[in-house]
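Residue-level structure breakdown
The primary structure of each chain is shown beneath.
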Amino acid sequence: MSLLKVRGLEAGYGFPVVRGVDFDVEAGETAVLFGLNGAGKTTTVSVIAGLLRPESGSILFDGEEVAGRSAAELVERGVVLVPEGRRVFPGLPVLANLRLGAWTHRRSRSLLDERLDRVFDYFPILRDRASQAAGTLSGGEQQMLAIGRALMSGPRLLLLDEASLGLSPAMTKTVFRVVDRINDDGVTVLMVEQNVGVLPFADRVLVMEKGSMVFEGVGEDAQQAHLRERYMGGAA
């Protein structure tokens, strides 16, 4: 069953960026959305997350129309975005950043503790850095924190925008493996990426070009050389 169904999505910033995009993400999948810079990937996930209102089209989440709903409402429904650039609160400690992710559930101490334990299981370094200001973390640690903060809200659909951007190859692999664990634990994932190293973890591959969806298929289909060369910036 499709957890996310997008049909005829049109969106932009006073000028068209996304044009008639259709795709599905099944419950329990990790889907990866590829495309070169300017393809419309970030605009697409921003609309799904409620940060940008669509001009037209339908977004069904678990069978319910959510196009145009606010980001706050969508977080409560389980749609959570980790934005490009991480955007942690640099002056606050790691622990405070994580707790802010669970703001809508802040009155439940047991739930907060349970989710903190899960985040620290995924990212043990964050437990060690709990009292450290987020702005003093490395880029990779800040990415872990951004993902951990999103997990604190209890997402059903986790949207990750360019999680590997600016990370070392080793840290990128670590992040991809942890996201795979998160998916195995029952969270459906939609990742925006340009790094083809994520392909082994993808159940579904989507490719955008100039605001339109030009390819959708299972992970193995994207191993074709012409897809890499034309839509993903060449061989890995």
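Before going into details, it helps to say that this report is about the structure given with it. As the structure is a computational prediction, the values presented were derived from the model and not from experiment.

1. Side note on the side chain of asparagine 97
Along the polypeptide, asparagine 97 turns up in helix H3 (residues 94–101). Given a relative accessible area of 0%, asparagine 97 falls into the buried group. Sequence-distant contacts of asparagine 97, that is, excluding residues within four places in its chain, are made with Val88, Phe89, Leu92, Ala134, Leu145 and Arg149.

2. Points about the packing of aromatic side chains
Within this structure, the stated rule accounts for two aromatic pairs. With a centroid separation of 6.3 Å and 55 degrees between ring planes, the pair formed by phenylalanine 176 and phenylalanine 201 is classed as tilted. One end of the pair, phenylalanine 176, is in helix H7 (residues 169–184); the other, phenylalanine 201, is in the loop between strand S8 (188–193) and strand S9 (204–209), with 25 residues separating them in the sequence. Note on phenylalanine 176: relative accessible area 3%, which makes it buried.

3. Details of the pairing of strand S4 (residues 56–61)
Relative to S4, strand S1 (residues 2–12) runs antiparallel, the two being bridged by five bridges. By the bridge assignment for S4, valine 6 is matched with isoleucine 59. Direction of pairing for S4 relative to strand S5 (residues 64–65): antiparallel, over a ladder of two bridges. Note on S5: the bridge partner recorded for phenylalanine 61 is glutamate 64. The antiparallel pairing of S4 with S5 creates a hairpin that spans two residues between the two strands, and aspartate 62 there sits at a positive phi of about 55 degrees.

4. Some details on the nonpolar core
With 43 residues, the main nonpolar core has Ile147 and Leu160 as its most contacted residues. Broken down by element, the residue count for this core peaks at six residues, all from helix H6 (residues 139–151). Discounting chain neighbours no more than four positions away, the residues touching isoleucine 147 are Val82, Phe123, Leu160, Val175, Val179 and Ile182. Formed by 31 residues, the second largest nonpolar core is a distinct cluster that contains Ala11, Leu33, Leu74 and Leu157.

5. Examining the sheet that holds strand S6 (residues 79–82)
As summarised here, the arrangement of the six strands in space is S6-S7-S8-S3-S9-S10, forming an open sheet in which the pairing is mixed. Looking at strand neighbours, the two that pair on one side only are S6 and strand S10 (212–218), the edges of this open sheet. Within the sheet, the average angular offset between the axes of one strand and its neighbour, ignoring direction, is 15 degrees. Here strand S7 (residues 157–161) pairs with S8 via five bridges, running parallel.

6. Concerning H7
In this model H7 runs 23 Å from its N-terminal to its C-terminal C-alpha over 16 residues, within 8% of the 22 Å that 1.5 Å per residue would give. Those residues of H7 that fall on the buried side of the exposure criterion are Thr172, Val175, Phe176, Val178, Val179, Ile182 and Asn183. Mapping the buried residues of H7 onto a view down its axis gives an arc of 165 degrees, with all of them on the same face. Exposed residues on H7 whose side chains face more than 90 degrees from its buried face are Ala170 and Asp184.

7. Considering H6
Between the first and last C-alpha of H6 there are 19 Å, a value that for 13 residues agrees with the 18 Å anticipated at 1.5 Å per step. Counting buried positions along H6 yields twelve of 13 residues, so the element is predominantly enclosed. Along H6, the residues that are buried comprise Gly140, Glu141, Gln142, Gln143, Met144, Leu145, Ala146, Ile147, Gly148, Arg149, Ala150 and Leu151.

The rules behind these values
Residues numbered from 1 in each chain as written. Predicted model: local features only at pLDDT ≥ 70, side-chain atom pairs only at ≥ 80, totals over all residues. Heavy atoms only, no water. Helix = DSSP H or I, 4+ residues; strand = E, 2+ residues; numbered from the N terminus. Buried < 20%, exposed > 50% of the residue type's maximum accessible area, 1.4 Å probe, protein only. Contact = heavy atoms within 4.5 Å. Phe/Tyr/Trp six-rings, centres within 6.5 Å; stacked < 30°, edge-to-face > 60°. Pairing = 2+ DSSP bridges. Core = buried A, V, L, I, M, F, W, Y, C linked by side-chain atoms within 4.5 Å. Axes fitted to C-alpha atoms, helices over the stretch in contact; angles between N-to-C directions. Expected span 1.5 Å × (residues − 1). Arc of directions from axis to C-beta.

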